[in-house]
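Residue-level listing of the chains:
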Amino acid sequence: MNEQRIPLLDLVESLGRLAAGERRQRAVAAGLQPVHVQALDYLRRCNRYSNTPQALADYLGLTKGTVSQSLQLLERKGLIARRPDDADRRVLRLALTAAGEALAGTAGELAEWPAALAALPADEADAAAATLARLLATMQRRRGGQSFGACHSCRHFRHEGGDAYRCGLTGEPLGADDSRRICREHAWPEAAAAD
């Protein structure tokens, strides 16, 4: 059977290859593998509900064993620290060290993308982002996957006025910084998740 190519998929794959190639070069320059830089970038961007080895494994789509090996290497290099959770000592929390934060900021950034995006009219960039977000939500829902989106785009997110936010799932207050971080409990609003 001759499979017909889907132009949008071709474009997404091409953009993904460009981003992965740039990240690979930055990882190698830092003496790491791309997965290590992805782990550092995730830990830089995730919230307090999502900084565990299991959440990182889920985010990367890797086994717990593979992630464990990467975390050991990052810890030996002084880029991350592990500590037991304050409420449940069986749960390990991961945090970037100052060296890890600095490396995640430089190795994880994609230098060419801001200029390329700035060349697009703002309304086109916004429309493209909205379309891709809906496509992503649809694919994740069909596959039963987690979305790991930013809190402010989650159906559980509550804005209580001013700089006061709350997670509707946990009931805990969120700061402005928390609202921009990615969360493993993220769920797209129903309109975004609809087919």
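Nothing here was measured: the structure is a model prediction, and the numbers come from that model. (Residues numbered from 1 in each chain as written. Predicted model: local features only at pLDDT ≥ 70, side-chain atom pairs only at ≥ 80, totals over all residues. Heavy atoms only, no water.)

Let's shift gears to a nonpolar patch on the surface. Nonpolar side chains collect at one region of the surface, where I6, L8, L9, L11, V12, L132, L135 and M139 lie side by side and expose about 670 Å² of accessible area between them. Within the residue set of the nonpolar patch, elements represented by two or more residues are helix 1 (7-29) and helix 7 (122-143). Sort the elements by how many residues they give to the nonpolar patch and helix 1 lands first, with four residues. (Patch = residues over 30% accessible without salt bridge, like charges linked within 9 Å, V, L, I, M, F, W, Y side chains within 5 Å. Areas by Shrake-Rupley, 256 points an atom, 1.4 Å probe, with all protein chains shown as cover. Salt bridge = Lys/Arg side-chain N within 4 Å of Asp/Glu carboxyl O. Helix = DSSP H or I, 4+ residues; strand = E, 2+ residues; numbered from the N terminus.)

The subject of this paragraph is the nonpolar core. By size, the foremost hydrophobic cluster in this structure holds 23 residues, and its most contacted members are L32, L40, Y42, L43, L56, L74 and I80. Elements that contribute at least two residues to this core include exactly helix 2 (34-45), helix 3 (53-60), helix 4 (64-76), strand 2 (92-96) and helix 5 (98-107). With five residues, the single largest contributor to this core is helix 2. Once residues lying within four places of it in the same chain are set aside, the contact partners of L56 are A39, Y42, V67, L71 and L94. In this structure, Y49, C154, Y165 and C167 belong to the second largest nonpolar core, which totals eight residues. (Core = buried A, V, L, I, M, F, W, Y, C linked by side-chain atoms within 4.5 Å. Buried < 20%, exposed > 50% of the residue type's maximum accessible area, 1.4 Å probe, protein only. Contact = heavy atoms within 4.5 Å.)

Centre-to-centre distance and the angle between the planes together describe a pair of aromatic rings. Enumeration according to the criterion identifies four aromatic pairs in this entry. Among the aromatic residues, those joined into a cluster by ring pairs are Y42, Y59 and F148. (Phe/Tyr/Trp six-rings, centres within 6.5 Å; stacked < 30°, edge-to-face > 60°.)

Every α-helical turn comprises 3.6 residues, leaving residues that sit three or four positions apart pointing alike. Across its 22 residues, helix 7 extends 31 Å between first and last C-alpha, which sits within 8% of the 32 Å expected from 1.5 Å per residue. Among all positions of helix 7, only A137, T138 and Q140 are buried. Just past helix 7, the residue G144 takes up positive phi, approximately 70°. (Expected span 1.5 Å × (residues − 1).)

Next up on the list: the side chain of H186. Mapped onto the fold, H186 is located in the loop between helix 8 (176-179) and helix 9 (190-193). The class for H186 is buried, based on a relative accessible area of 7%. Within the structure, the side chain of H186 is placed 3.4 Å from the backbone oxygen of A150, a separation counted as a polar contact. In this structure the side chain of H186 is engaged in a polar contact, spanning 2.9 Å, whose partner is the side chain of S153. (Polar contact = N/O pair within 3.5 Å; in protein donor to acceptor, adjacent residues only side chain to side chain.)

The subject of this paragraph is the pattern of salt bridges. Evaluated as defined, the whole model comprises 11 salt bridges. Linking E172 and R48 is a salt bridge whose minimum nitrogen-to-oxygen distance equals 3.3 Å. Of the two residues, E172 sits in the loop between strand 4 (164-167) and strand 5 (173-174) while R48 sits in the loop between helix 2 and helix 3, which places them 124 residues apart along the sequence. Judged by relative accessible area, which is 35%, E172 ranks as partly exposed. Residue D88 pairs with R90 through a salt bridge whose shortest N-O separation is 3.0 Å. What makes D88 partly exposed here is its relative accessible area of 25%.

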